[in-house]
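Read off the chains here:
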Amino acid sequence: MMNNINEMKFATKAIHAGQEPDPTTGAVMTPIYQTSTYWQKSPGEHKGYEYSRGTNPTRKALEDCLAALENCKYGLAFSSGMGATDAVLRLLKPGDEVITGNDLYGGSYRIFTKVYEKYGIKFHFLDLSDPENIKPHINQNTKLVWIETPTNPTMRIIDIEGVAKITKANNILLTVDNTFASPYLQNPIDLGADIVMHSVTKYIGGHSDVVMGALLTNNEQLYKDLFFVYNACGATPGPQDAFLVLRGIKTLHLRMKAHCENGEKVAHYLKNHPKIDKIYWPGFEDHPNHAIAKKQMRGFGGMVSITLKDADLQETFRIASRFKVFSLAESLGGVESLVNHPTTMTHGSIPKADREKVGVTDNLLRLSVGVEDIDDLLADLEQALS
Ligand SMILES: *Cc1c(COP(=O)(O)O)cnc(C)c1O
């Protein structure tokens, strides 16, 4: 129906990419192809689908839509963000080395250190706010640089283009975890990344009802290698979840705009609040990486982290439990506002000394600002902090 969807604007792609009216019925919404297998006229003679671990039409529509949103050709959906991360790591072999940030999603840190170190892969955790820090750690075994920006939970910004220049010159794969920004705010492949990883669970799904991951790339060989892992290892999601995410994406641009607006208002409200010590939000001009954020992002998002002044763990717990509109929960990126306590929740698997070095202290709270009415969100913060 739409032959050049990939040349259209973000909102149009969010609603239409990968999706055509169903050829048998004309249904406008992509059907949930709830089938594990597909009829073959004679062995090997089929319509491109054989078995749903490898391919499923509902999932394929979603993968094409996600690829379009990241301005690239190939998409693969996984049953979780960690499943997607795992598939990238399976491209490595014993002896290979990985350079990554020292301020990462706890689950990424956990799979690197607790799963893959055991298989003889070495990880370097560095401060990547200056891409030059990577250079001294590169040797002939360096195969992958893995970055997350904005970082979780302290909202540092890493210069994707700066890192990509170094990885390209040294023939190293660059993967960017783009979960916090979403494709609405940032497209790492345009800046030189080889692979974009998403926890689709967060902003892309957007309604806190699905756990899913994705990998996107423009490199055909890389896509084939990742497809092999995806089909061989089998962490692929079912068609109902793919449908829910396709539905969620149709409002991604509307939701992200609202997350950014509310995030900005919450950040400004908290900045001078007497109970707040530090605040982390890349939209402030005095944020150390504000210039890069402005350069590589189209907005600053809805994630705001704060530390509470003179608060020990008990006082932090007391405040975290007082919210009435924000829910105390892990995860982020849904329409509803969430408050998270990183050191006991999302980042519990990172050793205390390591996390405190990068500011992940017991008095830190991370807010995922949702799209409720801003007056109710500010009133909730006011009463919780009082
Ligand atoms: C949640 C998250 C992940 C892991 O994704 P799951 O869908 O929970 O497996 C990875 N990276 C970041 C930045 C996340 O927030």
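Residues numbered from 1 in each chain as written. Predicted model: local features only at pLDDT ≥ 70, side-chain atom pairs only at ≥ 80, totals over all residues. Heavy atoms only, no water.

What follows covers the domain arrangement of the protein chain. Often the size quoted for an interface is simply the accessible area lost on bringing the parts together. If you check the domain split of the protein chain, you get domain 1 (8-249) and domain 2 (252-385). Each of domain 1 and domain 2 has a C-alpha centre, and these two points are 25 Å apart. Counting from both sides, the interface comprises 44 residues of domain 1 and, opposite them, 42 residues of domain 2. Between domain 1 and domain 2, the buried area comes to about 3500 Å², and carbon and sulfur atoms account for 60% of it. Together, Tyr 184, Leu 185 and Tyr 203 form the three largest contributors to the area buried by domain 1 at its contact with domain 2, with a combined 22%. Taken together, domain 1 and domain 2 are joined by 1 salt bridge. Taking the shortest distance from any N to any O, the salt bridge between Lys 295 and Glu 161 comes out at 3.9 Å. Our count for the domain 1 to domain 2 interface comes out at 21 residue pairs in polar contact (both at pLDDT 80 or more). Sorting the residues of the side of domain 1 that touches domain 2 by element identifies helix H1 (10-16), helix H4 (106-116), helix H5 (160-169), helix H6 (182-185) and helix H8 (239-249) as the ones contributing at least two each. Class assignment of the residues belonging to the side of domain 1 that touches domain 2 gives a composition of 23 nonpolar, 15 polar and 6 charged. (Domains from an automatic or database assignment. Contact = heavy atoms within 4.5 Å. Buried area = accessible area lost by both parts, 1.4 Å probe. Salt bridge = Lys/Arg side-chain N within 4 Å of Asp/Glu carboxyl O. Polar contact = N/O pair within 3.5 Å; in protein donor to acceptor, adjacent residues only side chain to side chain. Helix = DSSP H or I, 4+ residues; strand = E, 2+ residues; numbered from the N terminus. Nonpolar A, V, L, I, M, F, W, Y, C, P; charged D, E, K, R; others polar.)

Attention now moves to the pairing of strand S12 (residues 364-368). Within S12, 5 of the 5 residues are buried, which leaves the element mostly enclosed by the surrounding structure. In S12, alternate side chains face the same way, and those of Leu 364, Arg 366 and Ser 368 on one face and Leu 365 and Leu 367 on the other are all buried. Here strand S9 (residues 303-308) runs beside S12; their pairing, made up of 5 bridges, is antiparallel. Counted as the bridge partner of Ser 305 is Arg 366 from S12. (Buried < 20%, exposed > 50% of the residue type's maximum accessible area, 1.4 Å probe, protein only. Pairing = 2+ DSSP bridges.)

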